[in-house]
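# Observations on chain architecture
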Amino acid sequence: MKKILLAAVMFMATSAAVQAQLLKIGVKAGVNFANQTGDASFDGIDYSKDGITSYHAGLVAEVKLLEKFSIQPELLYSTQGASYKNAVSEFKNELGYLSIPVMAKIYLNKSLSLEVGPQASFLLSNKEQFDAQDPKTFDFAVNAGLGLKITEGIFIQGRYGFGLTEVSSKADLKNSVFQLSAGFMF
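Residues numbered from 1 in each chain as written. Predicted model: local features only at pLDDT ≥ 70, side-chain atom pairs only at ≥ 80, totals over all residues. Heavy atoms only, no water.

## Considerations on a negative patch on the surface
On the surface, Asp39, Asp46, Glu166 and Asp172 cluster together into a negatively charged patch. With respect to the helices, strands and loops of the structure, Asp172 is situated in the loop between strand S10 (154–166) and strand S11 (173–185). Since its relative accessible area comes to 38%, Asp172 is described here as partly exposed. (Patch = residues over 30% accessible without salt bridge, like charges linked within 9 Å, V, L, I, M, F, W, Y side chains within 5 Å. Areas by Shrake-Rupley, 256 points an atom, 1.4 Å probe, with all protein chains shown as cover. Salt bridge = Lys/Arg side-chain N within 4 Å of Asp/Glu carboxyl O. Lys, Arg positive; Asp, Glu negative; His and termini not counted. Charge placed at Lys NZ, Arg CZ, Asp CG, Glu CD. Helix = DSSP H or I, 4+ residues; strand = E, 2+ residues; numbered from the N terminus. Buried < 20%, exposed > 50% of the residue type's maximum accessible area, 1.4 Å probe, protein only.)

## Notes on the side chain of Ser70
Mapping Ser70 onto the fold places it in strand S6 (residues 69–85). The exposure class of Ser70 is buried, given its relative accessible area of 2%. One polar contact links Ser70 to Glu62, side chain to side chain, over a distance of 3.0 Å. If we skip the residues at most four places from it in the chain, Ser70 touches Glu62, Val63, Lys64, Leu65, Met103, Ala104, Lys105 and Tyr107. (Polar contact = N/O pair within 3.5 Å; in protein donor to acceptor, adjacent residues only side chain to side chain. Contact = heavy atoms within 4.5 Å.)

## Focus: the packing of aromatic side chains
Tallying each qualifying case throughout the model produces 5 aromatic pairs. Centre to centre, the rings of Phe33 and Phe178 are 6.5 Å apart; their planes meet at 25°, and the pair counts as stacked. In this pair, Phe33 sits in strand S1 (residues 23–38) while Phe178 sits in strand S11, placing the two residues 145 residues apart along the sequence. According to the relative accessible area criterion, Phe33 is partly exposed, its value standing at 40%. For Phe178, a relative accessible area of 35% translates into the label partly exposed. Measuring from ring centre to ring centre gives 5.4 Å for Phe122 and Phe138, while their planes differ by 55°; the resulting arrangement is tilted. Placement of Phe122 in strand S8 (residues 112–128) and of Phe138 in strand S9 (residues 138–149) is noted, with a sequence separation of 16 residues between them. The class for Phe122 is partly exposed, based on a relative accessible area of 37%. (Phe/Tyr/Trp six-rings, centres within 6.5 Å; stacked < 30°, edge-to-face > 60°.)

## With respect to the side chain of Ser99
Relative to the helices and strands, Ser99 resides in strand S7 (residues 90–107). A polar side-chain atom of Ser99 sits 2.9 Å from a polar atom in the side chain of Ser121. For Ser99, the contacting residues outside a window of four places in its chain are Glu74, Leu75, Leu76, Ser78, Gln80, Gln119, Ala120 and Ser121.

## Quick word on the pattern of salt bridges
Side-chain pairs of opposite charge can arise where the charged atoms are in close proximity. Applying the stated criterion to the full structure yields 7 salt bridges. Here Glu152 and Lys24 are joined by a salt bridge, their closest N and O atoms 2.9 Å apart. In this pair, Glu152 is assigned in the loop between S9 and S10 and Lys24 in strand S1, connecting sequence segments 128 residues apart. When salt bridges with common partners are traced through the structure, they connect Lys28, Glu62, Glu74, Lys105, Glu115 and Arg159 into a single cluster.

## A word on the confidence of the model for the protein
Detailed reading of predicted coordinates is not advised where the pLDDT is low. Confidence along the protein averages 86 in pLDDT terms, with 84% of residues attaining 70 or more. Predicted confidence for residues 11–18 stays below pLDDT 50, and this span has 0 contacts to residues more than four positions away or in other chains. (pLDDT = per-residue confidence, 0-100.)

## Points about the environment of Phe186
Structurally, the position occupied by Phe186 is in the segment after S11. Note: C-alpha distance between Phe186 and Gly26 (160 residues apart in sequence) is 5.5 Å. When residues no more than four places from it in sequence are discounted, the contact partners of Phe186 are Lys24, Ile25, Gly26 and Val27.

## Observations regarding the pairing of S6
Pairing geometry for strand S4 (residues 48–50) and S6, over 3 bridges, is antiparallel. Counterpart to Ser48 in the pairing with S6 is Lys85. Alignment of strand S5 (residues 52–66) against S6, held across 8 bridges, turns out to be antiparallel. The residue bridging Ala57 from the neighbouring strand is Tyr77, located in S6. Between S5 and S6, which follow one another and run antiparallel, lie 2 residues. Here 15 bridges tie S6 to S7, and the two strands are oriented antiparallel to one another. When the bridges of S7 are listed, Gln80 appears paired with Leu95. Taking the residues between adjacent antiparallel strands as the criterion, S6 and S7 are bridged by 4 residues. (Pairing = 2+ DSSP bridges.)

Right under this line is the structure:
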């Protein structure tokens, strides 16, 4: 009986250790350098556009599948948009999304990883300063970037997200964002 109990305890301890190595949960936050690509004309009026600086924050998980390959799903609140102006008016369009990127991570060595994957985003808020745009509630993008593990728990990431869907039904605009992030895996 003691041998069976000892074997069960050893199995559970080994299983917990293996599971801890295969799945890590963490948090991340960072800065967005966002813009919108495409034709910046609303109601026949042309505008010049500039990028905005905003933020993102949320949860991250890493599921190790192979020695040098992991999947990293994330759940982030991310603000994106642009600033528009012409000779008469100026406004800022800031869109708040619940973003769900699913990144494939290919480790080039023990600390540096190449990251690429799709991102689905759902519009939660629209802090627009004008009423000419009708934002769509869904945005789809493709992301690519690099990650660096500083320690076993602390990491930094740089990523570019290129929007594939138009953000408005009244303008030919797509989100474009460069993100710098820092995070901690538990």
